[in-house]
Amino acid sequence: MLKRRKTKTATVGRVKLGHQHPIAVQTMTKVFTTNVAACLRQIRQLDKVGCDLVRIAVPTKADSEALAKIIAKSPIPVIADIHFSAARAIEAIEAGAVKIRLNPGNVKDKNDIRRIIDCAKQHNIAIRIGVNEASIRDLKSDVAPAKRTALMLKEMRSYIRLFEKAGFDNLVLSAKSANTVRTIEVNRAIAANFEYPMHLGLTHAGLPEDALVSSSVAIGTLLAEGIGDTIRVSIAGDPVKEIQLGKQILQSLGLTPHKGPELIVCPTCGRCQVNVVALAKKVRIRLEGITKPVRVAVMGCVVNGPGEAADADIAVCAGAGKGYIYKNGQKTATVEETKLLDTLVAEIEKSKTESPKTDSKKDIKTETKKADSKPAQQTTSKKDN
Ligand code: SF4
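Residues numbered from 1 in each chain as written. Predicted model: local features only at pLDDT ≥ 70, side-chain atom pairs only at ≥ 80, totals over all residues. Heavy atoms only, no water.

### A few points about helix α1 (residues 36–48)
Phase 1: Between its terminal C-alpha atoms α1 stretches 18 Å, which fits the 18 Å expected from 13 residues at 1.5 Å a residue.
Phase 2: Within α1, the full set of buried residues consists of V36, A38, C39, L40, Q42, I43 and L46.
Phase 3: Buried positions along α1 lie against β3 (24–28), β4 (53–57), α2 (61–73) and α9 (239–252).
Phase 4: Once α1 ends, the next one or two residues include G50, with phi positive near 95 degrees. (Helix = DSSP H or I, 4+ residues; strand = E, 2+ residues; numbered from the N terminus. Expected span 1.5 Å × (residues − 1). Buried < 20%, exposed > 50% of the residue type's maximum accessible area, 1.4 Å probe, protein only. Contact = heavy atoms within 4.5 Å.)

Below is the structure:
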């Protein structure tokens, strides 16, 4: 288990952020806030996929009014996203937001900030100080990229001082850039200087196919170093996808358990005996709706497949025109290629009522040895190598 950086605890409604609490996954709604019905519809979709916190843009007074109606019916604690306006911040707090995000780049008046702090104290809510590289650059557009990390840290430090001077410490910190390396650098610097919980994410990460890699690298690197208490994967797309990607990042680092099936698929190679990709895609579809945390492996051959699938609860290792089903490391059946999918799914279904796996790998070693001495031949069914 990765060791997390020691932090204070921030209270965000029913969610607590900090090293003693699970890392929360959050996103933003992407419909007009004034469209209360659409906003709530999106929030309910997010709730279904395990979203812990949802943030909502509040650019106008009408949005503040809508926010109160949304909060009254939201199944997830709501954060208000504030830019430029102290009035919006106070309206959002009074509407019931459990946290507001303030951007030091555009809410700068000290009297305004003190009024917001007083209101946040009265309502016992959290505030995220969310520094964005783009906002900092707006102020000092001549700052070279190499100096922006220091500038973001400086901006963060002076903003935090205002809060600490006013005796407010229910804070969450974030510093975002569209640049992966700078996001890592600035968050490392913030983690080294302050004890508050941290919100991680890239800003303007891009379309899902582009954002996936950069967000995973930036957020994953920091999480692996123990930094980060809540994450948001920003993509130009469905917020449900943001939550799913965020959860996958946490799962890949062992920071949250798999709640449903985990599918492992071999990358295929010249030993592959069946169309593994097509088989795995069908298995994935059949796994939808199964909530048991079962690890399923689809492997392309019996040479290395059984060994590589040893940690799976249930595995299929393809042979020429047939496949071998393994349960908890033991070979349990040999089936025709055409029946592989149904047999595998039947075994997964059966496993729902069975006790946890044993750890014997005896048969795997025997099978691997036999297969290694006589490599299986390719068949005409191989398509995806
Ligand atoms: Fe190749 Fe077999 Fe490994 Fe798949 S399981 S990558 S086919 S050796």
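That was the structure; now back to the text.
### Quick word on the site of the ligand
Phase 1: Every residue close to the ligand is listed here: C266, P267, T268, C269, R271, C272, G300, C301, N304, G305 and E308.
Phase 2: Taken together, the residues of the shell around the ligand break down into 5 nonpolar, 4 polar and 2 charged. (Near = heavy atom within 4 Å. Nonpolar A, V, L, I, M, F, W, Y, C, P; charged D, E, K, R; others polar.)

### Quick word on a positive patch on the surface
Phase 1: Positive charge collects at one region of the surface, where K110, R114, R157, R161 and K165 lie side by side.
Phase 2: Going through the elements one at a time, α4 (110–123) and α6 (145–165) are the ones with two or more residues in the positive patch.
Phase 3: At 3 residues, the largest contribution of residues to the positive patch is made by α6.
Phase 4: Relative to the assigned elements, K110 resides in helix α4. (Patch = residues over 30% accessible without salt bridge, like charges linked within 9 Å, V, L, I, M, F, W, Y side chains within 5 Å. Areas by Shrake-Rupley, 256 points an atom, 1.4 Å probe, with all protein chains shown as cover. Salt bridge = Lys/Arg side-chain N within 4 Å of Asp/Glu carboxyl O. Lys, Arg positive; Asp, Glu negative; His and termini not counted. Charge placed at Lys NZ, Arg CZ, Asp CG, Glu CD.)

### Brief notes about the packing of aromatic side chains
Note on aromatic pairs: each is described by the distance of the centres and the angle between the planes.
Phase 1: By the definition in use, this model includes 2 aromatic pairs.
Phase 2: Judged by centre distance (5.6 Å) and plane angle (45 degrees), the ring pair of Y159 and F163 falls under tilted. In this pair, Y159 and F163 both sit in helix α6, 4 residues apart, roughly one turn of the helix.
Phase 3: Three or more aromatic residues joined by ring pairs form one cluster here, namely Y159, F163 and F168. (Phe/Tyr/Trp six-rings, centres within 6.5 Å; stacked < 30°, edge-to-face > 60°.)

### Focus on the sheet that holds strand β14 (residues 322–327)
Phase 1: Here 5 strands make up an open sheet; going across it, the order is β11-β12-β13-β14-β15 and the pairing mixed. Edge positions in the sheet fall to β11 (262–265) and β15 (330–336), since each of these pairs with one other strand and no more. For this sheet, the mean angle separating the axes of adjacent strands, direction not counted, is 20 degrees.
Phase 2: Pairing of β14 with β15, which is carried by 6 bridges, proceeds in the antiparallel orientation. Note on β15: the bridge partner recorded for G323 is V335.
Phase 3: Along the sheet face, helix α10 (residues 276–287) touches β11, β12 (295–299) and β13 (314–318) and points at about 160 degrees away from the line of β12.
Phase 4: The strands that helix α12 (residues 340–351) touches are β12, β13, β14 and β15; relative to β13, the one it contacts most, it runs at about 165 degrees. (Pairing = 2+ DSSP bridges. Axes fitted to C-alpha atoms, helices over the stretch in contact; angles between N-to-C directions.)

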